[in-house]
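Chain residues, written in single-letter form:
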Amino acid sequence: MTAPPPTPTPEAAPAAAGLMDALGPVLPDLSVGALLGFATGLALKWIGRVVLVVVGVLFIAIQVMAYFELVSVNWLKLQALTEPWLRQGGEQGAQWLGRVLTANLPFAGAFTAGLLIGLRARV
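These figures come from a predicted structure and were not determined experimentally.

Q: So what's going on with the overall build of the chain? Residues and values would help.
A: Within the chain one finds four helices and zero strands. In sequence order, the chain lays out its α and β elements as α-α-α-α. Every one of the 123 residues in the chain was classed for burial, and the buried ones make up 8%. Taking contacts inside the chain between residues at least 6 apart in sequence as the whole, the part at least 24 apart equals 76%. Carbon and sulfur atoms provide 72% of the accessible area of the chain, an area that totals close to 10100 Å².

Q: Tell me about the packing of aromatic side chains, and please be specific about residues and values.
A: The final tally for this structure, using the stated rule, is two aromatic pairs. With 5.8 Å between their ring centres and 55° between their planes, F59 and W75 make a pair best called tilted. One end of the pair, F59, is in helix α2 (residues 27–67); the other, W75, is in helix α3 (residues 75–102), with 16 residues separating them in the sequence. Its relative accessible area of 41% is what places F59 among the partly exposed residues. By relative accessible area, which is 36% here, W75 ends up partly exposed.

Quick notes on the rules
Residues numbered from 1 in each chain as written. Predicted model: local features only at pLDDT ≥ 70, side-chain atom pairs only at ≥ 80, totals over all residues. Heavy atoms only, no water. Helix = DSSP H or I, 4+ residues; strand = E, 2+ residues; numbered from the N terminus. Buried < 20%, exposed > 50% of the residue type's maximum accessible area, 1.4 Å probe, protein only. Contact = heavy atoms within 4.5 Å. Areas by Shrake-Rupley, 256 points an atom, 1.4 Å probe, with all protein chains shown as cover. Phe/Tyr/Trp six-rings, centres within 6.5 Å; stacked < 30°, edge-to-face > 60°.

Following this line, the structure appears as structure tokens:
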């Protein structure tokens, strides 16, 4: 036989009520922020997939044209030109996107949490 659950002490009830009183006005902002962050995360994930498909199709088209000797591509030169730009853009782009998405939001923390959950969601 298991022991009955402990009954709340009279001191715990005012603490819980005080916490709910403190969080009450903030909860709508937090839930809206989390919902908007989640939706933004899903949208960024979808847009990222579309961009990757477009880049893949473009690469295939260039390779087919190179195979039939319609164009000649210097891949080493292309890599040397784009590598510094992509490295710098990846580092600064994430910071810029974060600033843009959370600008003037009173619920930036909840938005960021929702965004990360949306990016990881399997939908």
